[in-house]
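Summary of the model geometry
Okay, here's what each chain looks like letter by letter:
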Amino acid sequence: MISLFQPSVGSAELHMVRDVFEARWLGAGARVELFEQRLSAYIGRPANEVLTVSSCTEGLFQTSAALGLGAGDDVVMPTISFVGAAHAIRSSGARVALCDVDPRTLNPTVEHIEDAITPTTKALLILHYGGDPGSVTEIAQLARNRGLSLVEDAACSLGSFSDGKAAGTFGDVGVWSFDAAKLLTTGDGGMIWCRSEELASKLRQSIRLGVGTSGLQRRSLSSRWWEIDPLMLGRRATMNDVAAAIGLAQLGRLPLFLQRRREIAVAYNRGLAGLPGVTLPERAPSSGALFYYWIQVAPEHRDRLAGHLLDEDIYTNFRYWPLHRTTMYRQDRSFPGADRAAATTLLLPVHQGLSDTDVASVIAAVRAYSFDTC
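So, a few notes on the structure that sits alongside this text. As the structure is a prediction and not an experimental result, all values here were calculated from the model.

Across all of its chains, the model carries 11 aromatic pairs by this definition. Both rings, one in Phe5 and one in Phe291, keep their centres 5.4 Å apart while their planes meet at 15°; by these two values the pair is stacked. Placement of Phe5 in the segment before helix H1 (11-23) and of Phe291 in the loop between helix H9 (241-272) and strand E10 (293-296) is noted, with a sequence separation of 286 residues between them. For the pair shown, Phe5 and Phe291 are each scored as buried. Between Phe82 and Tyr320 the ring centres are 6.0 Å apart and the planes differ by 55°, which places this aromatic pair in the tilted class. In this pair, Phe82 is assigned in the loop between strand E2 (74-78) and helix H4 (83-91) and Tyr320 in the loop between helix H10 (299-311) and helix H11 (336-344), connecting sequence segments 238 residues apart.

Here the focus is the packing of H1 against H9. Viewed as axis vectors pointing N to C, H1 and H9 meet at an angle of 150°, and their least axial separation amounts to 8 Å. Relative to H9, H1 is oriented so that their crossing is right-handed. Residues Ala12, Glu13, Met16, Val17, Val20 and Phe21 of H1 pack against Asp241, Val242, Ala245, Ile246, Leu248, Ala249, Gln250 and Arg253 of H9. Residues belonging to the contact of H1 with H9 are distributed by class as follows: 10 nonpolar, 1 polar and 3 charged.

Residue Tyr320 is reached from Arg319 by a cis peptide bond, and omega for that bond is 0°. For Asp313, which is not glycine, the phi dihedral falls at a positive 60°. Of the residues examined, Asp313 reaches a relative accessible area of 44% and is grouped as partly exposed.

Let's shift gears to the pattern of salt bridges. In this structure the tally under the stated criterion is 11 salt bridges. A salt bridge links Arg253 to Glu13; the nearest nitrogen and oxygen atoms lie 2.8 Å apart. In this pair, Arg253 sits in helix H9 while Glu13 sits in helix H1, placing the two residues 240 residues apart along the sequence. Classification of Arg253 as partly exposed rests on a relative accessible area of 26%. Here Glu13 falls in the buried class, since its relative accessible area comes to 3%. Of the charged contacts, one joins Lys122 and Asp73 as a salt bridge, the two residues approaching to 3.9 Å between their closest N and O atoms.

What counts and what doesn't
Note on numbering: residues in each chain are counted from 1, in written sequence order. Selection of residues for local features in this predicted model requires a pLDDT of at least 70, selection of side-chain atom pairs for listing and counting requires 80 or more, and totals for whole chains, interfaces and linings are taken over all residues. Based on all heavy atoms of the structure, the side-chain values leave hydrogens and waters out of the count. Each Phe, Tyr or Trp ring (for Trp, its six-membered ring) is paired with any other whose centre lies within 6.5 Å, and the angle between the two planes then decides the class: stacked below 30 degrees, edge-to-face above 60, tilted in between. Secondary structure elements are taken from DSSP: a helix is a run of H or I of four residues or more, a strand is a run of E of two residues or more, and numbering for both begins at the N terminus. Whether a residue is buried, partly exposed or exposed follows from its accessible area with a 1.4 Å probe, protein chains only, as a fraction of its type maximum: under 20%, in between, or over 50%, in that order. Comment: axis = line fitted to C-alpha atoms, over the contacting stretch for helices; angle = value between 0 and 180 degrees taken between N-to-C directions. Note: crossing handedness is left-handed where the near helix turns anticlockwise from the far helix by less than a right angle, and right-handed where it turns clockwise. Contacts are assigned to residue pairs with any non-hydrogen atoms lying within 4.5 Å of each other. Gly counts as polar in this scheme, as do all residues outside two lists: the nonpolar Ala, Val, Leu, Ile, Met, Phe, Trp, Tyr, Cys and Pro, and the charged Asp, Glu, Lys and Arg. What counts as a salt bridge is simple: a side-chain nitrogen of Lys or Arg found within 4 Å of a carboxyl oxygen of Asp or Glu.

Below, the structure written as structure tokens:
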């Protein structure tokens, strides 16, 4: 089976994990600290603005709480988004206010967001679809002009930059994912960046159950370091040294991962160019972290094409199912761009583990499908 996603892990990661085992400390420690330092350098921000967490989803939940979102607040987000982001908003007591997206890029524009803003809107939460930051510069300016917090769901965007600035660092908070399907994986895990050092400090305490430091760290502050005095509600959401060790190895290989994905996108573009019935992505393969590669076909062919490819042992998918079409987040307004995208878009496999033979097989299978029948 040619998979949609596949992690690239091997001897480099095993070597780093072996060092953790030999150190006899598996929890949050020196490797986590080093991983945070190198991640912050990669995105071009000071280390005190960055913290790692147990998952991107947990990072979104923590962020929603830290920003003080609550009952009576609206948070605008695109309907084509990860459901965990919507859950994070709702868990805070705030209302999810969905906006439409462009049917080709699957990202919201400033106009889409403005249409969804209400007098009670407190924040914006945008997804960089497939790693493409889209109109983030303009959206960040809109947030500043309106006095709104901007959270960037940059789960798929490590390696994406716009005007030399890392995706995830345009607003007030950025959250990245390192789960098993991501370009850089730690097995599970995530990262939060905060423009405000005060907010970053608050989150560091929150992810440690509101205590903020471990007993080992408190030994220099008190002769009775086993005593705790939580100052806020929090949850256990820290990364551990095993995950961070894997991440350190992955970060060193990230440029090669990004390059291979671009090569695959170029091959798809060439191999599928001019194929009647298939629309290729607008986005140039050379731009940023290419986490998704998608084609678009007529609605009557999309599901049939997916089934045809599955018969050829090629797994495809569509992400993310529009939230306005779910029971929990259904809203009484139209989302024509998202509906169009959901009916026509199919994600093809694109990961650094694909061989040239795999890529050629995907191209051949798509070309073998008959768009003349239905």
